[in-house]
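So the chains spell out like this:
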Amino acid sequence: MNLDVMALSGDDTTVNEVVHRYTSGFAAHGFDFKEVTLEGSQELGRFPIFHFLNERTAMRIDIAFCAAAKGLNGGFTVLIVKPVNQKLDVEDYLKEHGREALTKFFTYRDPSTNVQSFADTFMQMLAGLLDRDLKPIIEGKTFEETPIDWMGYK
């Protein structure tokens, strides 16, 4: 559902503020911030997804955030989505290309983590990836669809 940012609370509000500080970096690559949607369910919890769209290529960058809670990890998931519904999961892409060290920035375990600092560090790392590793992908020169692990549900 499309979301008024007033519906966000707690860590989601903090992450919203951090993500918005980095919108100019996305815009420099042709990706404009479009909206925040709230996904998930009442039972499992809701989480925001920040959507950036490149009008020229119709490619999207979706950044989802889930706060750590009840023994569950928190962190970010980033998908680059082509209009033909091809998806590249950035974390899986990094693993497949020998850049596993960068995947530590996606997840945190301790609910007492300073989420603002965590989100800022993550967004700095992502901005660097957009400038280097992911640049040919977001410019439409190449694309690698990452396999989806359906965990037996396909």
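From a predicted model like this one, the values you see are computed outputs, not experimental measurements.

What follows covers the overall build of the protein chain. From N to C terminus, the protein chain includes five helices and six strands. Each helix and strand of the protein chain, placed in order from N terminus to C terminus, yields the pattern α-α-β-β-β-β-β-α-β-α-α. Within the protein chain, the proportion of its 154 residues that are buried is 40%. Here the contacts in the protein chain between residues at least 6 apart in sequence split such that 50% fall between residues at least 24 apart. Entry remark: accessible area of the protein chain is about 8,800 Å², with carbon and sulfur atoms responsible for 50%.

The next point concerns the confidence of the model for the protein chain. Per-residue confidence for the protein chain averages 88 on the pLDDT scale, and 89% of its residues sit at or above 70. Mean pLDDT across the elements of the protein chain ranges from a minimum in strand 1 (residues 32-41), with 90, to a maximum in helix 4 (residues 115-131), with 97.

Let's shift gears to the side chain of Asp-12. If you trace the backbone, Asp-12 turns up in helix 1 (residues 11-21). Contacts of Asp-12, omitting those with residues within four sequence positions, involve Arg-46, Pro-48 and Phe-65.

Tallying each qualifying case throughout the model produces five salt bridges. One salt bridge in this structure joins Glu-55 and Lys-34, with 3.0 Å as the shortest N-O distance. Of this pair, Glu-55 sits in the loop between strand 2 (45-54) and strand 3 (59-66) while Lys-34 sits in strand 1, and the two are 21 residues apart along the sequence. With a shortest N-O distance of 2.6 Å, Arg-60 and Asp-62 are connected by a salt bridge. Since its relative accessible area comes to 8%, Asp-62 is described here as buried.

With that out of the way, let us pick up helix 4. If you check helix 4, its first and last C-alpha atoms are 24 Å apart, about what 17 residues at 1.5 Å a residue would give, namely 24 Å. Buried within helix 4 we find Val-115, Phe-118, Ala-119, Asp-120, Phe-122, Met-123, Met-125, Leu-126, Gly-128, Leu-129 and Leu-130. For helix 4, the N-terminal cap is Asn-114; the gap from its side-chain oxygen to the backbone nitrogen of Gln-116 is 3.0 Å.

Let us look at the environment of Gly-10. In this structure, Gly-10 sits in the segment before helix 1. Note: C-alpha distance between Gly-10 and Val-115 (105 residues apart in sequence) is 9.8 Å.

About the criteria used
- Residues numbered from 1 in each chain as written.
- Predicted model: local features only at pLDDT ≥ 70, side-chain atom pairs only at ≥ 80, totals over all residues.
- Heavy atoms only, no water.
- Helix = DSSP H or I, 4+ residues; strand = E, 2+ residues; numbered from the N terminus.
- Buried < 20%, exposed > 50% of the residue type's maximum accessible area, 1.4 Å probe, protein only.
- Contact = heavy atoms within 4.5 Å.
- Areas by Shrake-Rupley, 256 points an atom, 1.4 Å probe, with all protein chains shown as cover.
- pLDDT = per-residue confidence, 0-100.
- Salt bridge = Lys/Arg side-chain N within 4 Å of Asp/Glu carboxyl O.
- Expected span 1.5 Å × (residues − 1).
- Polar contact = N/O pair within 3.5 Å; in protein donor to acceptor, adjacent residues only side chain to side chain.

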